[in-house]
Amino acid sequence: MRVRKAVLPVAGFGTRVLPATKAIPKEMLPVVDRPAIQYVVDEALEAGIEHIVFVTGRNKGSIEDYFDIPYELEVALEAKGKKAILEQVKQTTLPAGSASFVRQQSPLGLGHAVWCARDIVGNEPFAVLLPDVLVKGSPSCLAQMVEAYDKVGGNIVAVDQVPMDRVSSYGVIAPKGSDRDGRLIEMTGMVEKPPVADAPSNLKITGRYILQPEVFGLLESQGKGAGGEIQLTDAMARLMEVQSFYAYEYEGQDYDCGSKLGYFEAVLGYALANEEIGEDAKALAKAMLDKL
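Note that this is a predicted model, so its numbers are computed, not measured. (Residues numbered from 1 in each chain as written. Predicted model: local features only at pLDDT ≥ 70, side-chain atom pairs only at ≥ 80, totals over all residues. Heavy atoms only, no water.)

J.: Help me understand the overall build of the chain in this model?
T.: For the chain, the helix and strand inventory stands at 11 helices and 13 strands. Taken over C-alpha atoms, the radius of gyration comes to 20 Å for the chain, in line with the 19 Å a tight globule of 292 residues would show. C-alpha extents for the chain along the principal axes are approximately 60 × 50 × 40 Å. Looking at the chain as a whole, 48% of its 292 residues are labelled buried. The long-range fraction of contacts in the chain, counting pairs at least 24 apart against all pairs at least 6 apart in sequence, stands at 75%. Approximately 15100 Å² of the chain is accessible, and the part contributed by carbon and sulfur atoms is 52%. Side-chain charges in the chain split into 30 positive and 40 negative, and the spacing between the mean points of these groups amounts to 5 Å. (Helix = DSSP H or I, 4+ residues; strand = E, 2+ residues; numbered from the N terminus. Rg over C-alpha atoms; globule rule 2.2 N^0.38 Å. Buried < 20%, exposed > 50% of the residue type's maximum accessible area, 1.4 Å probe, protein only. Contact = heavy atoms within 4.5 Å. Areas by Shrake-Rupley, 256 points an atom, 1.4 Å probe, with all protein chains shown as cover. Lys, Arg positive; Asp, Glu negative; His and termini not counted. Charge placed at Lys NZ, Arg CZ, Asp CG, Glu CD.)

J.: Would you mind going over the nonpolar core with me for this structure?
T.: Most often, soluble globular proteins keep nonpolar side chains buried together rather than apart. In terms of nonpolar packing, the biggest core is built from 75 residues, with Leu8, Phe54, Phe126, Leu134, Leu142 and Leu211 touching the most fellow members. At 7 residues, helix H7 (residues 141-152) tops the list of elements feeding residues into this core. Residues contacting phenylalanine 54, with those up to four places away along its chain left out, are Leu8, Val10, Ile37, Val41, Ile63, Phe67, Leu94, Ala99, Ser100, Phe101 and Val102. (Core = buried A, V, L, I, M, F, W, Y, C linked by side-chain atoms within 4.5 Å.)

J.: I'm lost on the pattern of salt bridges in this one. Help?
T.: Two side chains of opposite charge can pair, provided their charged atoms sit close to one another. Going through the model one piece at a time under the given rule, you end up with 16 salt bridges. One salt bridge connects arginine 4 with glutamate 50, and the closest N-O pair in it is separated by 3.1 Å. Of the two residues, arginine 4 is situated in the segment before strand S1 (5-9) and glutamate 50 in the loop between helix H1 (36-46) and strand S4 (51-56); the sequence distance between them amounts to 46 residues. Under the relative-accessibility criterion, arginine 4 is labelled partly exposed at 26%. Linking arginine 180 and glutamate 249 is a salt bridge whose minimum nitrogen-to-oxygen distance equals 2.7 Å. (Salt bridge = Lys/Arg side-chain N within 4 Å of Asp/Glu carboxyl O.)

J.: Is there a simple way to explain the packing of aromatic side chains in this structure?
T.: Each pair of aromatic rings is reported with the distance of its centres and the angle of its planes. What the rule picks out here adds up to 6 aromatic pairs. Summarising the aromatic geometry, the rings of tyrosine 66 and phenylalanine 67 are spaced 4.9 Å apart at their centres and angled 85° between planes, so their arrangement reads as edge-to-face. Here the basic side chain of arginine 34 rests over the ring of tyrosine 39, its NZ or CZ set 6.0 Å away from the ring centre. (Phe/Tyr/Trp six-rings, centres within 6.5 Å; stacked < 30°, edge-to-face > 60°. Lys NZ or Arg CZ within 6 Å of the ring centre and 35° of its normal.)

J.: In this structure, what is going on with the packing of helix H8 (residues 214-221) against helix H9 (residues 232-239)? I would like to understand it.
T.: When two helices pack together, their arrangement is given by the angle between the helix axes and by the axis-to-axis distance. Remark: H8 packs on H9, axes separated minimally by 9 Å, with the N-to-C direction vectors making an angle of 120°. Accordingly, the angle class assigned to the pair H8 and H9 is oblique. Considering the relative orientation of H8 and H9, their crossing is right-handed. Taken together, the residues of H9 that come into contact with H8 (itself represented by Glu214, Val215, Leu218, Leu219 and Ser221) are Leu232, Ala235, Arg238 and Leu239. Considering only residue class, the contact of H8 with H9 consists of 6 nonpolar, 1 polar and 2 charged. (Axes fitted to C-alpha atoms, helices over the stretch in contact; angles between N-to-C directions. Parallel < 35°, antiparallel > 145°, perpendicular 65-115°, else oblique. Left-handed = near helix turned anticlockwise from the far one by under 90°. Nonpolar A, V, L, I, M, F, W, Y, C, P; charged D, E, K, R; others polar.)

J.: Is there a simple way to explain the state of the cysteines in this structure?
T.: Applying the stated criterion across every chain, the model contains 0 disulfides. Left without a disulfide partner, cysteine 257 is nearest to the cysteine sulfur of cysteine 141, which lies 14 Å away. With relative accessibility at 7%, the residue cysteine 257 sits in the buried group. (Disulfide = S-S within 2.5 Å.)

J.: I keep staring at the environment of alanine 47 and nothing clicks. Help me out?
T.: The residue alanine 47 is located in the loop between H1 and S4 in this model. When the C-alpha atoms of alanine 47 and arginine 4 are compared, they prove to be 9.0 Å apart, with 43 residues separating the residues in sequence.

J.: It is not clear to me how the packing of helix H3 (residues 71-79) against helix H4 (residues 83-90) should be interpreted in this structure. Could you clarify?
T.: Contact geometry of H3 with H4 gives a least axis separation of 8 Å together with a crossing angle of 160°. By the angle class used here, H3 and H4 are roughly antiparallel. Crossing handedness for the pair H3 and H4: left-handed. Packed against H3, whose contacting residues are Leu73, Glu74, Leu77 and Glu78, the element H4 presents Ile85, Leu86, Val89 and Lys90 at the interface. Of the residues belonging to the contact of H3 with H4, the class tally is 5 nonpolar, no polar and 3 charged.

J.: How should H8 be read in this particular structure?
T.: Within an α-helix, residues lying three or four positions from one another point in the same direction, as the helix has 3.6 residues per turn. Where H8 is concerned, the buried positions are Val215, Phe216, Leu218 and Leu219. Buried residues of H8, seen end-on, are gathered within an arc of 165° and therefore sit on one face of the element. Turned more than 90 degrees off the buried face of H8, the exposed positions are Glu220 and Ser221. The inward-facing, buried residues of H8 contact helix H5 (110-115), helix H6 (118-121), strand S6 (126-129), strand S11 (203-211) and H9. (Arc of directions from axis to C-beta.)

In short, the description is geometric, and any link to function would need to be established separately.
So, in structure tokens, the structure goes:
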């Protein structure tokens, strides 16, 4: 069965970028000319996702409004003849019935957030995209993963290489031997922030997953793990005992928008690559650096 549905956990407080997220969902912070969440949704749509499940919380209503039709705005833009901007606005609207919004209600962790989407996902494979991680790639990271999934099935985790001396800052995968099929690597486990000497690889997990629906049953019985939360990786480790797992080393660049420096890097990276302002952004950045 192909991957048709994606889960986007958007209930977090965004504590690493406070006070900006005191009244604005972190997913709605702008990256150049659109909120961060738009890039993640575009990535899912490019991969052929037909239905997106947003797992939300209190004060996240602006996310739902953003993907709806803004009738008053469209009428005003039409009346002023701003057709180019109007077309861009229309492209942000998700088709009727292609999105669902469920409440997590309690901050019990990523695993619990994914579990909240169980009834909408149903008994089929699905993707999970962490919305505070933007991945710039062509084709999109998830599109690359879906193509690999269509060949091997099972469960797939997106990874990319980091310098070995930095592995203690990330969750990394344990490969099954040294053989690999192109960018696809069979894996036997995951280790969270290992000491450099004990790290099984330098392939960090990058916030994109394709999972089988059996993970929901495991999440339902999953006890609390690190931070007193229900961890998705704990349930994945249990699922790995009975199902195949692969790591896919995607082609692209990831940005951690959940941190202040990562958010700045994302804004800069997308600004420099923007067709409209890229060259001016590059000149501006250079001029500012020259003044230091």
